[in-house]
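Residues per chain are reported as follows:
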Amino acid sequence: KRIEAVSMKLINTAGGMEYKASIQDYGWTNWAADGAVCGTIGEGKRLEAIAIRLTGEALVQYDVYYRVYAESFGWMDWAMNGAEAGTEGYSYRVEAVEVLLVPKGGEAPGKTTVSYVITSMGT
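Caption draft 1: The arrangement of the pairing of strand β10 (residues 85-88) in detail. Relative to β10, strand β6 (residues 47-55) runs antiparallel, the two sharing two bridges. By the bridge assignment, I50 is partnered in β10 with A85. In this sheet, strand β12 (residues 116-118) lies alongside β10 in parallel orientation, the contact comprising three bridges. Bridging from a neighbouring strand, E88 pairs with I118 of β12.

As structure tokens, then:
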């Protein structure tokens with residue numbers, strides 16, 4: 001099943017969180033923040049990629065790592081601090097998103113090599 005929209009908010013942590021998504025037929029959205037909905041509701045449009053970053057005190061204390069479960073790829077590697085995670089040009093849906101906060105400069109929760117894959121259609 002596809003994810004059509006996301007809403008995220010830090011709890012019990014000072015600072016904030018911003019996120020944007022690449023949506024079917026629309027491309028990348030603007031950054032949303034602290035619980036605002038990012039994506040579409042009732043349009044049946046799939047989320048294809050996501051980026052997440054921290055703000056304020058959270059940015060000083062943590063790195064944010066996230067990864068997506070993408071159609072035909074499965075769990076992709078971890079992206080961090082505003083980098084894209086997912087696919088572009090494949091028309092594949094994101095089916096799950098995992099997000100972790102790690103102390104600033106701490107070790108990544110896993111591989112970070114292939115978090116975002118782009119294809120050039122027709123080439």
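Picking up after the structure, the text goes on.
Caption draft 2: How the structure looks around the nonpolar core. By size, the foremost hydrophobic cluster in this structure holds 25 residues, and its most contacted members are V6, Y19, L47, I50, I52 and Y66. If you list the elements that add at least two residues to this core, you get β2 (16-23), β6 and β7 (62-70). By residue number, the principal contributor to this core is β6, which donates five residues.

Caption draft 3: Quick peek at the pattern of salt bridges. Throughout the structure, instances matching the rule amount to eight salt bridges. One salt bridge connects E4 with R2, and the closest N-O pair in it is separated by 3.0 Å. We classify R2 as partly exposed; its relative accessible area is 43%. Among the ionic contacts, a cluster of salt bridges with common partners joins E71, R93 and E95.

What counts as what
- Residues numbered from 1 in each chain as written.
- Predicted model: local features only at pLDDT ≥ 70, side-chain atom pairs only at ≥ 80, totals over all residues.
- Heavy atoms only, no water.
- Pairing = 2+ DSSP bridges.
- Helix = DSSP H or I, 4+ residues; strand = E, 2+ residues; numbered from the N terminus.
- Core = buried A, V, L, I, M, F, W, Y, C linked by side-chain atoms within 4.5 Å.
- Buried < 20%, exposed > 50% of the residue type's maximum accessible area, 1.4 Å probe, protein only.
- Salt bridge = Lys/Arg side-chain N within 4 Å of Asp/Glu carboxyl O.

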